[in-house]
Amino acid sequence: MAYGISIWERLGIRKSSGVSEAGWGHTAFVALISFIYFLPVLFIIFTAIKPQGLALSVPPTLSPTSLLGLIPEQFVFTPTLENFGSVFSRVMTAGSQPEATGFDRFFLNSIVIATASVVLALIFGTLAAYGFSRYPLKGNDTYLFIILTTRMLPAIVVVIPVILMFRTVGLSGSYLGIILLYTAFNLAFTIWMMKSFFDELSTDVEDAARIDGSSEVKVFFKICLPQVVAGLAATFVFGLILTWNEFLFALLLTGPDTRTVPVAMNQAVSSGGRGTDWTLLAAIETLFLIPVFLVTFFLQEHLLRGVTFGTVKK
Amino acid sequence: MTMHAMSAIEPTSPPPGVLAIRADNWRLAIVAGLALSIFAALTLPASVSFWVVGVAAAMIAAAFVVNAYRRRYYGGLLVAPAIAVLFVMNIFPLLWSLGLSFFAYQSNQQSIRFVGLNNYIKVLTNEIAAPGNWSALVNTALFVVLTVSAQMMVGFLLAMLFAKQFPLRKYLLILVLTPMMLSVVASGVFFTYYYDPTFGILSYVMNAITGGQFILMDSKAGAVAGIVFADAWMWSPFVMLLVLAGLVSVPKYLYEAAAIDRVSAWRRFWSITFPYIRGLLMLALLFRTIEAFKLADLVILLTKGGNDTMTISYHLIRIANEQNKTSEGAAISYVMLFMVIVLTNLYLYLANRRNQES
Amino acid sequence: MSTIEIRKVTKAFGEFIAVRDADLSVAAGEVVCLLGPSGCGKTTTLRMIAGLERATSGDVVIAGQRMNDLSPQKRDIAMVFQFYALYPALTVRENIAMPLYHEKLSSSEMASRVSRVAEILHLREILERLPGQVSEGEKQRIAVARAIIRDPNCFLFDEPLSRLDVELRHSMRGQIKAVLSNLSKATVIVTHDQLEALTMADRIAIMRDGLIEQVGSPHEVFAKPDNVFVASFIGTPQMNLIEVQFKDYSSGKATVTFDQQDVVISVNPGVARLRPGKVTVGVRPRAFSVVPNGTVDAIGAMAELIEPMGAETLVHARTVTGSDIRVVVPREMKVKPGEALHLVPDPAQTHIFTDDGRAVRA
């Protein structure tokens, strides 16, 4: 036969009507790559359910199950949930009773601070983006570039004046201080992203609404905002991922009451002079990963549609 | 950009002259505010001048808002809250540290003295301070080139894998995105474990293969490779996300037309796909370059700057935070900011030129 | 030989059957239009011929070879897409030249082929522009140019004119027809516009709900519709379809009960085979003659709405029992709303459809 189906097509790796969907062969290939890419994370998660004594075993223990004898016995460990308990309460000094570690508070802090600052940035940033998009100023691009430059400096340069400023004003260690700082931290890309979304909308509908007598406020809330929901979702996820794990500002500007998980994690694993407590660190990170993982998973489709930043030509 | 109906409405009153003392004269407010701030910064102690500057800023902001409201510049009103937050939390500290870079100031001492450009001259030419700065800068350049190119390549290849629809795509995609969501503390610390000569997985595998003792972080090349690998692993998903967004925005009918026209895969990529992702690649390059310049956390966790892996950002943290040489640190960071701005402008210039060519 | 043949082709999207047992053959040099309302499966049929969709069952045969399993690249076809699918980052020249790279031509050969089709389709002036910088009509011509620049097995057009305004559509119809007649290739055009199909096609395949209802020349589908759907779909204004009781037939005349009155109409002899019962009588609006009051077997109706159409006038009339009848009368005949009309259908243009919608023919 002059034209045959290639072996790849038979395996479903390349379909002969090649422009549409790929098949299970492609899935298998991508699954392999994704799994390899995910391995370091998987190892952290497995460490979180390892008995503490096995954390530094040689050879390293790799899996809680032997997968029906596929993995040699020496690499297998018996899973435990103990480490998650010791995130919240554990024996601090040898021989004493378990104490609360305050991690419940730190988790709550992280959630409150990250959510509040991302939402605030979204509110201010969306308004500003709408302004930049619909009421362009002279030298609009210059202003936008200046806003972008606020993200270019190493945090340490900004942080010293901010520490001094917070001390003077009494914002050190308060929720308001760190939330406002993170809001500013998120504003730059929120404005950039949302502006590109507003730029893409046709202004015809808005003008029609104005002619029908809608107020400017109504035009914004009823006409524009519903059309950029994907953008809002994408910006939210991006902001959340970046804020959730921020370390330096949190280290220098949060107090005992407002401490976030990354800072507490850093202290928890290196305190006591016994070196890194691997299983504890892994347990904290695993718990800490869950919220942001879930949010990203559920907003994934928006994320993809959202991050084009308007750079894609129509 | 469309100017629309509302901005066409006549201003309710003519704009004020530069010297007219009125609530909406923002030009005068800026001049007065700047003069006041500079005067305060030069003569008064920091704790007082802070408030003076704050009042000046509030005055300028108020003038802007009143002006915007009276002339129906809704744009100004909309932008104002964001600008206010950015000003207080970013731009003001930036200007403050810019100011500091012209003074001799150490955060653990009370004295402050104007020294002009001396800090800059010192960090760039002093025979004790400058060599450290320069080598940190060279290392940073090395890391920028290596991490950014690694991220771009890996991110691009990952995006190509996910460009098609296939079963379970959603679940596999989230796996690849996860490294980006890890706290850098945890992933950094765990990479020290992976690389650990005694307990680490990498060493275990390498020892089993070579039979000898494998220590990755023993040489500069190894240490750099270890840091670049960890950083690329964490942030390639970011590049992937941007590229993927571009890939999925290519209309399907273009690929169908290409199939009908019997266009080769190579030509199809360059003629159809690439134009859709070029802007996003540029953006990813821009963002990741900016971030790569700031690389410090992984270096702190993995090598503590050993094996000649000190980066400018880590160096800066040491100078400014551990050695309390605040104004020297500020000077270094402004040299760095200058470089980043030059580089990003170069990117943007090249990107625009490419756009105009095509 | 440049031919297309599809045999018993079916396309299922999950539960939904988009195309069912479609049979169609297109000879070399023949232009066949797939015509039907939106969602009838005509575009899916075209995409199966192109290889952009895989047929669930049946055979797709192009140039005498079964091609079901071949990708579009290997079928050697040219296609004009509904939205033109011009490559946005390439100039008009590069767009048109795209199909030539496969043939590994020298650059001078390529340039001369491009300039030849650019000449035919009047694109010379805009060759260096980007698709974003040309008009809708020019885009359409670029898409056609890209299709005719090579020598494929066949041509496929997906709603080629749907995005043009009325005037452009008219002139493009003529242009495409002229271009195609010089190529002597099998051509399939998908359209929902019957005027387009009637003017451009050698034969028309009318589709509904995934089924090909009738294939025939423009004259055949208009004059001898196979069923009620084709009868109602082809022709403007739409054919009058009146449900009546068939009583009996003798020597070319049928007696039907309509509006509680028995009417004798001239029909074809095939009607003799019918049993008494419900049938549908189809009469085109132009096939009525208006006769004086008292004429035998005339249908009485009252004019309600008058729509002047230029040369003719469309009259919406209502019969005694309230059935709606559309009649086209010459412009000179001044009909006023409320006026009584007496109508006799032209026997040669009167169609009888059985209860299940099939046409009764001699």
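Keep in mind it's a predicted model, so treat the numbers as computed, not measured. Residue positions are given per chain, counted from 1 along the sequence in the order it is written. Written order determines the labels here, with chains lettered from A and ligands numbered from 1. For a predicted model such as this one, the threshold for reporting local features is a pLDDT of at least 70, and the threshold for listing and counting side-chain atom pairs is 80 or more; totals across whole chains, interfaces and linings nevertheless cover every residue. Heavy atoms from the whole structure form the basis of all side-chain values; hydrogens and water molecules are not counted.

## Concerning the overall build of chain A
Only DSSP runs of H or I with at least four residues qualify as helices, and only runs of E with at least two residues qualify as strands; both kinds are numbered from the N terminus onward. On a plain count of helices and strands, chain A comes out with 14 helices and two strands. Each residue's exposure class comes from its accessible area (1.4 Å probe, protein chains only) as a fraction of the maximum for that residue type: buried when under 20%, exposed when over 50%, partly exposed otherwise. The proportion of buried residues among the 314 residues of chain A is 54%. Sequence separation of 24 or more characterises 69% of the internal contacts of chain A that already satisfy a separation of 6 or more. Here chain A has roughly 13700 Å² of accessible surface; of this, 66% comes from carbon and sulfur atoms. Pairs of residues are marked as contacts when any of their non-hydrogen atoms sit within 4.5 Å. For the area figures, the Shrake-Rupley method with a 1.4 Å probe applies, and any residue is considered shielded solely by the protein chains shown.

## Observations concerning a nonpolar patch on the surface
Two joining distances apply to patches: 9 Å for like charges and 5 Å for nonpolar side chains (Val, Leu, Ile, Met, Phe, Trp, Tyr), and every residue must have over 30% relative accessible area and no salt bridge. Note on definitions: salt bridges are taken to be side-chain nitrogens of Lys or Arg within 4 Å of carboxyl oxygens of Asp or Glu. A surface patch of nonpolar side chains, amounting to about 370 Å² of accessible area, comprises Leu32, Phe35, Ile36 and Leu39 of chain A. As for its placement among the helices and strands, leucine 32 of chain A is situated in helix 2 (residues 24-48).

## Some points on the confidence of the model for chain A
Detail in the predicted coordinates should be disregarded across regions flagged by low pLDDT. Residue and element names in this part refer to chain A. Scored by pLDDT, chain A has a mean of 80; 87% of the residues are at 70 or more. For every residue, the pLDDT score states the predictor's confidence, bounded by 0 at the bottom and 100 at the top. Predicted confidence in chain A is weakest over helix 1 (residues 7-10), with a mean pLDDT of 45, and strongest over helix 4 (residues 103-134), with 92. Across residues 1-20 the pLDDT falls below 50, and counting only partners more than four positions away or on other chains, this stretch makes 32 contacts in the model.

## Comments concerning the state of the cysteines
Cysteine sulfur atoms that pair up within 2.5 Å are treated as a disulfide. Applying the stated criterion across every chain, the model contains zero disulfides over all chains. Free cysteine cysteine 33 of chain C: the closest other cysteine sulfur is in cysteine 40 of chain C, separated by 12 Å.

## Quick look at the sheet that holds strand 1 (residues 4-13) of chain C
Residue and element names in this part refer to chain C. Read from one edge to the other, the open sheet built from four strands follows the order 2-1-4-5, with strand pairing classed as antiparallel. Because the sheet does not close on itself, it has two edges, and the strands there are strand 2 (16-26) and strand 5 (65-66). Think of it this way: DSSP has to see at least two bridges between two strands before they count as a pair. Sheet topology note: the strand 4 (residues 57-62)/strand 5 ladder contains two bridges and is antiparallel. Within the sheet, the bridge partner assigned to valine 61 lies in strand 5 and is arginine 66. Orientation is described by lines fitted to C-alpha atoms, with helices fitted over the stretch in contact, and by angles between N-to-C directions that extend from 0 to 180 degrees. Against the sheet, helix 1 (residues 42-50) touches strand 1, strand 2 and strand 4, its axis set at about 115° to strand 1.

## A word on the nonpolar core
Residues Phe103, Ile191 and Leu253 of chain A together with Phe162 of chain B are the most contacted members of the largest nonpolar core, which totals 174 residues. At 17 residues, the largest contribution of residues to this core is made by helix 9 (residues 220-248) of chain B. The contact partners of isoleucine 191 of chain A, leaving out residues within four places of it in the chain, are Gly125, Ala128, Ala129, Phe132, Leu144 and Ile147 of chain A together with Ala82 and Leu86 of chain B. Within this scheme, the nonpolar core is defined by two criteria: the residues are buried Ala, Val, Leu, Ile, Met, Phe, Trp, Tyr or Cys, and they are joined through side-chain atoms within 4.5 Å.

## Thoughts on the domain arrangement of chain C
Taken domain by domain, chain C holds domain 1 (4-226) and domain 2 (240-353). What marks off one domain from the next here is an automatic or database domain assignment. Spacing between the C-alpha centres of domain 1 of chain C and domain 2 of chain C amounts to 40 Å.

## Some details on the domain arrangement of chain A
Where interface size is quoted, it is often the accessible area lost as the parts come together. Split by domain assignment, chain A resolves into domain 1 (7-89) and domain 2 (103-274 + 290-306). Computed from C-alpha coordinates alone, the two centres of domain 1 of chain A and domain 2 of chain A are separated by 34 Å.

## A look at the environment of valine 115 of chain B
Residues and elements named next belong to chain B. As for its placement among the helices and strands, valine 115 is situated in the loop between strand 2 (112-114) and helix 4 (118-125). Judged by its relative accessible area of 15%, valine 115 falls in the buried class. Each C-alpha atom of the pair valine 115 and asparagine 126 lies 15 Å from the other, and the pair is eleven residues apart in sequence. Discounting chain neighbours no more than four positions away, the residues touching valine 115 are Phe102, Phe103 and Ala104.

## Things to note about the interface of chain A and chain B
Taken together, the 98 residues of chain A in the interface contact 104 residues of chain B. In short, buried area is how much 1.4 Å probe accessible area vanishes from two parts on joining, totalled over both. Approximately 9500 Å² of surface area, both sides summed, lies buried where chain A meets chain B, with 80% of it carried by carbon and sulfur atoms. Seen at the junction of chain A and chain B, the total is zero salt bridges. Pairs of N or O atoms within 3.5 Å make up the polar contacts considered here, provided that, within protein, one atom can donate a hydrogen while the other can accept it, and that residues adjacent in sequence are counted only when both atoms are side-chain atoms. There are nine residue pairs in polar contact (both at pLDDT 80 or more) connecting chain A and chain B. Looking at which element gives the most residues to the side of chain A that touches chain B, the answer is helix 2 of chain A, with 15 residues.

## What about the pairing of strand 19 (residues 340-345) of chain C?
All names here are of chain C. Here strand 15 (residues 288-290) pairs with strand 19 via three bridges, running antiparallel. Paired with serine 289 across the two strands is valine 344, which belongs to strand 19. Of the strand pairs in this sheet, strand 16 (residues 299-308) and strand 19 are connected by four bridges, and their pairing is antiparallel. Opposite alanine 301, over in strand 19, you have leucine 341 as the bridge partner.

## Thoughts on the sheet that holds strand 9 (residues 203-208) of chain C
Strand pairing within a sheet occurs via backbone hydrogen bonds; the two strands may be parallel or antiparallel. Residues and elements named next belong to chain C. Read from one edge to the other, the open sheet built from six strands follows the order 6-7-8-3-9-10, with strand pairing classed as mixed. Of all strands in the sheet, those with a lone pairing partner are strand 6 (78-80) and strand 10 (211-216), marking the two edges. Taken over all neighbouring pairs, the strand axes of this sheet differ in orientation by 15° on average, direction set aside. Relative to strand 8 (residues 186-191), strand 7 (residues 154-158) is paired through five bridges, and the arrangement is parallel.

## What about unusual backbone geometry?
Cis peptide bonds are those with omega within 30 degrees of zero, and the linkage from threonine 236 of chain C to proline 237 of chain C qualifies with -10°. Here proline 237 of chain C shows up in the loop between helix 9 (228-233) and strand 11 (240-250). Not every positive phi belongs to a glycine, and leucine 168 of chain B is a case in point at roughly 70°. Backbone geometry places alanine 85 of chain C, a non-glycine residue, at a positive phi of 50°. Mapped onto the secondary structure, alanine 85 of chain C falls in the loop between strand 6 and helix 3 (92-97). Since its relative accessible area comes to 1%, alanine 85 of chain C is described here as buried.

## Section: the packing of helix 5 (residues 129-162) of chain B against helix 11 (residues 265-293) of chain B
When two helices pack together, their arrangement is given by the angle between the helix axes and the distance between those axes. Residues and elements named next belong to chain B. Between helix 5 and helix 11, the least distance of the axes is 10 Å, while the angle of their chain directions is 145°. For the pair helix 5 and helix 11, the crossing hand works out as right-handed. Residues Thr140, Val144, Thr147, Val148, Gln151, Met152, Phe156 and Met160 of helix 5 pack against Phe269, Ile277, Leu281, Ala284, Leu285, Arg288, Thr289, Ala292 and Phe293 of helix 11. Each crossing gets its handedness from the near helix: less than a right angle anticlockwise from the far helix is left-handed, clockwise is right-handed.

## Some points on the side chain of lysine 42 of chain C
In this structure, lysine 42 of chain C sits in helix 1. With a relative accessible area of 4%, lysine 42 of chain C lands in the buried category.

## Details of helix 3 (residues 74-100) of chain B
One less than the residue count of a helix, multiplied by 1.5 Å, gives the span that helix is expected to have. With 27 residues, helix 3 of chain B extends 36 Å between its outermost C-alpha atoms, agreeing within 8% with the 39 Å of an ideal straight helix rising 1.5 Å per residue. Fitting one axis to the seven residues ending at a residue and another to the seven starting there, the bend at that residue is the angle between the two axes. Its axis deflected by about 50° at phenylalanine 87 of chain B, helix 3 of chain B carries its strongest bend there.

## As for the packing of aromatic side chains
A pair of Phe, Tyr and Trp rings is counted when the ring centres sit within 6.5 Å of each other, with Trp represented by its six-membered ring. The angle between the planes then sorts it: under 30 degrees is stacked, over 60 is edge-to-face, the rest tilted. Enumeration over the complete set of coordinates arrives at 40 aromatic pairs over all chains. When the centroid spacing of 5.1 Å and the interplanar angle of 80° are considered together, the rings of phenylalanine 220 of chain A and phenylalanine 221 of chain A count as edge-to-face. Taking 5.5 Å as the distance between ring centres and 65° as the angle between the ring planes, the aromatic pair formed by phenylalanine 191 of chain B and tryptophan 233 of chain B counts as edge-to-face. One end of the pair, phenylalanine 191 of chain B, is in helix 7 (residues 184-195); the other, tryptophan 233 of chain B, is in helix 9, and 42 residues separate them in sequence. Classification of phenylalanine 191 of chain B by relative accessible area gives buried; the value is 3%. Its relative accessible area of 6% is what places tryptophan 233 of chain B among the buried residues. Above the plane of the ring of tyrosine 87 of chain C lies arginine 146 of chain C, whose end atom (NZ or CZ) is 4.7 Å from the centre. Charge-over-ring placement is defined geometrically: NZ (Lys) or CZ (Arg) within 6 Å of the ring centre, and within 35 degrees of the ring normal. Of note, arginine 284 of chain C hangs over the ring of phenylalanine 222 of chain C, and the distance from its end group to the ring centre comes to 4.1 Å.

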